[in-house]
Amino acid sequence: MPLLKLALRNLFGAGLRTGLNVFVLSVSFVIIIGCQGLYKGMSEQMLRAVTASYYGGGQYWHTGYDPFDTLTLDDAHGRLPDALQEMAGAGLAVPALKRQATLYTQNRVINITLNGIKTDQTIIDIPTVKLRGGGRAIPAIIGDAMAKSAGLKKGGTAVLRWRDARGTYDADEIEIVETLNTNVNAIDQGQVWIPLDRLQKMTNLHGEATLVITAVDSARPRLDPSAEKDWQFKDQYFLTADERSMMTAQYIEGGVLYAVFLFLAMLGIFDTQILAIYHRIKEMGTMLALGITKANLIWIFTLEGTLYAVLAAVLAFIYGTPLLIWFARVGFALGDSYAQLGLTLGSVLYPIYTPSIVLGTAAFIIALTALISYLPCRRIAKLTPTDALRGKIV
Amino acid sequence: MKKIILLLSLLTFWLSAESAENILRKIDANRLSDGKIAVMTMTIRGRRGDRTISARVWQRNSKDSFTEYLSPAREKGTKMLKLGDQLWTYSPDTDRTILISGHLLRQSVLGSDMSYEDMLEDPYLLNTYTASLIGEEILRERPVWALDLTAKTADTAYARRKLWVDKERYIALKEELYAQSGRLLKLLEVSAVMQVNKRWLAKTMTYKDALKDGDGTLVNIESLEFNDQLPEHLFSKAALRK
């Protein structure tokens, strides 16, 4: 306790130098916690959006389905096993049929994936109820990015050409009954959503589907062995692998930013410690002559350095708390460039601060400061009281 | 009397069906051969002007073909190999051979109105379609039969075709390809013909994707010779890199 008092007295005695160090370190605290909250918010937002819009509580894929291989898409379909049909009947799952097709719009030819989905489903966020009824044209929903790239808008029409299950061409007009305001690329770019029964009829694939999207938290039904061979369950963890790896990449990018901020702050503390040791060499000699042990002396100086981080944490708490709460409310507006990057984010990113982020960041910075403070203090161990009193340092 | 009229109508119908089939057989015999070499140009009419591509094509058994693009400089050296229902392209810029399959088949060939999958259709009309004679007309001052072709099996790419066939030369001067719903998908019009080895063949034709606006792609056969002895090595993937 006397050592702590002494360290604090020395710290406050340094005046402006301490103030500047503490302030710079507190800015690092706030920025790092702010950025971590932003990444956490980004991750949560992305996973929430893809789950609500497409992945649901997991999906059953027909064994031939590979979302990264469009070449196999036309062969990836099959009849739903009884258990999945029951699930769909109870509103706990929705089957979707995927086929390749060509869209003719504004004298352009666009290769698309045609998605058939039940119009009465409520499992994913696509307003499929709007696909009901309509005129002679096939009612279709597209995402806003798809609408932009195809030059289509609500009420617009285009010609769709597809091949049925046996390979015969067919073509008909589609009418865009709704454009989705979505950030989920999997349901937007190159995707056209039409009623499932209509697509099944168009392609002669009655009662067949490519995948089945289950409701969040729904229990997995028991499939018989033959059905299990044809339909494989992909859980949320598997389905969100791309989003998670994207977030990991973002975290790594963010880590570089933290490293820069921390480096600057630590450089300040390191310099301060070095200066303190050189300037206060006679003080050290006096203390050693009066009987303080070298270990205690190292402890005082290390404590002084570490206390910068503690004071910075207190200062950051004082001005950072209202600032970060305000930031969490207004969010961080993303430009169009983010949408073009293919990140499943909204126009505004809302940070999320968890106790682990705040306490973890504080603990990490304090520990790092303690280490940086200790390094220059090792010289003290080589001091002899007589040399120190004469102002000599080894 | 009624029975005689009915019999005569049935006989006329049977004769016309027979005759339509014969017409198809003669069209197939006229245009298809065991081997031929052609130099052709393809003019792609776009919004930013026309683009002409020339190519030399070796065709064997009506199912295999090897195409080498000769001009313009950007396309020169690009090669395409079709063996049955498989298609590869080779680009000298990337020095890579790509198997055209899946969605790539629906891409247009060098920006033309022709897609890669159009090239994979069975060329034998008689194998694929049941023909019926629906009329006789004059088309570009030539007397023609109008034929309505219905696919024999459900796995035919175009469920229906209409052909206008020159009565003397057994060459289709106009062809319309329809979707199952009856929507016109492709249109082929021959504007000039040529005679090679006593066969009448299309010299200049326009191939148009009817779902797109525009004037279609103009194909002109500069030269054509029949040759049943085309070298075997030409129809291999190794030939693409040579």
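The model shown is predicted, which means the values in this text are computed figures rather than measured ones.

Honestly, the overall build of chain B in this entry has me stumped. Any pointers?
A tally of regular secondary structure across chain B gives two helices and 13 strands. Among the 242 residues that make up chain B, the fraction classed as buried is 30%. Summarising the internal contacts of chain B: among those between residues at least 6 apart in sequence, 43% fall at separations of at least 24.

Could you clarify how one ought to interpret the overall build of chain A in this entry?
Secondary structure assignment for chain A yields 13 helices and 13 strands. The C-alpha atoms of chain A give 32 Å as radius of gyration, which overshoots the globular expectation for 394 residues (21 Å, by more than 25%). Across its three principal directions, the C-alpha atoms of chain A cover 100 × 50 × 30 Å. Look at the contacts in chain A between residues 6 or more apart in sequence, and 81% of them connect residues 24 or more apart.

Help me understand the domain arrangement of chain B in this model?
Interfaces are often sized by the amount of accessible area the parts lose when they come together. All names here are of chain B. You can read the domains of chain B as domain 1 (2-32 + 122-226) and domain 2 (35-40 + 50-114 + 227-241). Contacts between domain 1 and domain 2 engage 16 residues on the former and eleven residues on the latter. Of all the elements in the fold, those that place two or more residues in the side of domain 1 that touches domain 2 are strand 12 (199-209) and strand 13 (217-226). Considering every element that reaches the side of domain 1 that touches domain 2, the biggest residue donor is strand 13, with nine residues. Residue composition of the side of domain 1 that touches domain 2, by class: seven nonpolar, four polar and five charged.

It is not clear to me how the interface of chain A and chain B should be interpreted in this structure. Could you clarify?
Every contact between the two is made by 17 residues of chain A and, on the other side, 20 residues of chain B. Here the element with the most residues in the side of chain A that touches chain B is strand 7 (residues 169-180) of chain A; it accounts for four residues. Considering only residue class, the side of chain A that touches chain B consists of six nonpolar, seven polar and four charged.

Where do I start with the environment of A:D197 in this structure?
Structurally, A:D197 can be placed in helix 5 (residues 196-203). Here the alpha-carbon distance between A:D197 and A:T119, two residues 78 residues apart in the chain, equals 9.0 Å.

What am I meant to see in the pairing of strand 3 (residues 93-105) of chain A here?
Successive residues of a regular strand alternate their side chains across the two faces of the sheet. Residue and element names in this part refer to chain A. Among the 13 residues in strand 3, eleven count as buried, and that is most of the element. Both strand 3 and strand 10 (residues 211-214) contribute to a ladder of four bridges, which runs antiparallel. By the bridge assignment for strand 10, P95 is matched with V212. Bridge count for strand 3 against strand 4 (residues 108-117) is ten bridges, and the pairing is antiparallel.

Can you walk me through the environment of B:G84 in this structure?
All names here are of chain B. With respect to the helices and strands, the residue G84 is situated in the loop between strand 4 (79-83) and strand 5 (86-91). A residue is classified by how many C-beta atoms lie within 10 Å of it, and G84, with 9 of them, is exposed. A sequence separation of 21 residues divides G84 from K63, and the C-alpha atoms of the two residues are 5.2 Å apart. For G84, the contacting residues outside a window of four places in its chain are K63 and D64.

How do you make sense of unusual backbone geometry when you look at a structure like this?
Outside of glycine, negative phi angles account for most residues, and trans bonds account for most peptide bonds. Residue and element names in this part refer to chain B. Residue P72 follows S71 across a cis peptide bond; omega there is 0 degrees. Tracing the chain through its elements places P72 in the loop between strand 3 (64-71) and strand 4. We note that D95 has phi near 55 degrees; this positive angle belongs to a residue other than glycine. Within the secondary structure, D95 is located in the loop between strand 5 and strand 6 (96-100). Here D95 falls in the exposed class, since 8 other C-beta atoms lie within 10 Å of it.

Any chance you could explain the packing of helix 8 (residues 241-279) of chain A against helix 10 (residues 294-330) of chain A here in plain terms?
For any two helices packed against each other, one specifies the crossing angle of their axes together with the interaxial distance. Residues and elements named next belong to chain A. At a closest axis distance of 11 Å, the pairing of helix 8 and helix 10 adopts a crossing angle of 150 degrees. Accordingly, the angle class assigned to the pair helix 8 and helix 10 is roughly antiparallel. For the pair helix 8 and helix 10, the sense of crossing is right-handed. Judged by residue contacts, I269, Q273, A276 and I277 of helix 8 engage F301, G305 and Y308 from helix 10. For the contact of helix 8 with helix 10, the class distribution of residues is five nonpolar, two polar and no charged.

Can you help me understand the environment of A:N21 in this one?
Residues and elements named next belong to chain A. Within the element layout of this structure, N21 appears in helix 2 (residues 16-55). A residue is classified by how many C-beta atoms lie within 10 Å of it, and N21, with 23 of them, is buried. For the pair N21 and I300, spaced 279 residues apart in sequence, the C-alpha to C-alpha distance is 18 Å. Sequence-distant contacts of N21, that is, excluding residues within four places in its chain, are made with G268, I269, T272 and Y308.

Basis of the calculations
- Residues numbered from 1 in each chain as written.
- Chains lettered and ligands numbered in written order.
- Predicted model: local features only at pLDDT ≥ 70, side-chain atom pairs only at ≥ 80, totals over all residues.
- Helix = DSSP H or I, 4+ residues; strand = E, 2+ residues; numbered from the N terminus.
- Buried ≥ 20, exposed ≤ 12 C-beta atoms within 10 Å, placed from the backbone.
- Contact = placed C-beta atoms within 7 Å.
- Rg over C-alpha atoms; globule rule 2.2 N^0.38 Å.
- Domains from an automatic or database assignment.
- Nonpolar A, V, L, I, M, F, W, Y, C, P; charged D, E, K, R; others polar.
- Pairing = 2+ DSSP bridges.
- Axes fitted to C-alpha atoms, helices over the stretch in contact; angles between N-to-C directions.
- Parallel < 35°, antiparallel > 145°, perpendicular 65-115°, else oblique.
- Left-handed = near helix turned anticlockwise from the far one by under 90°.

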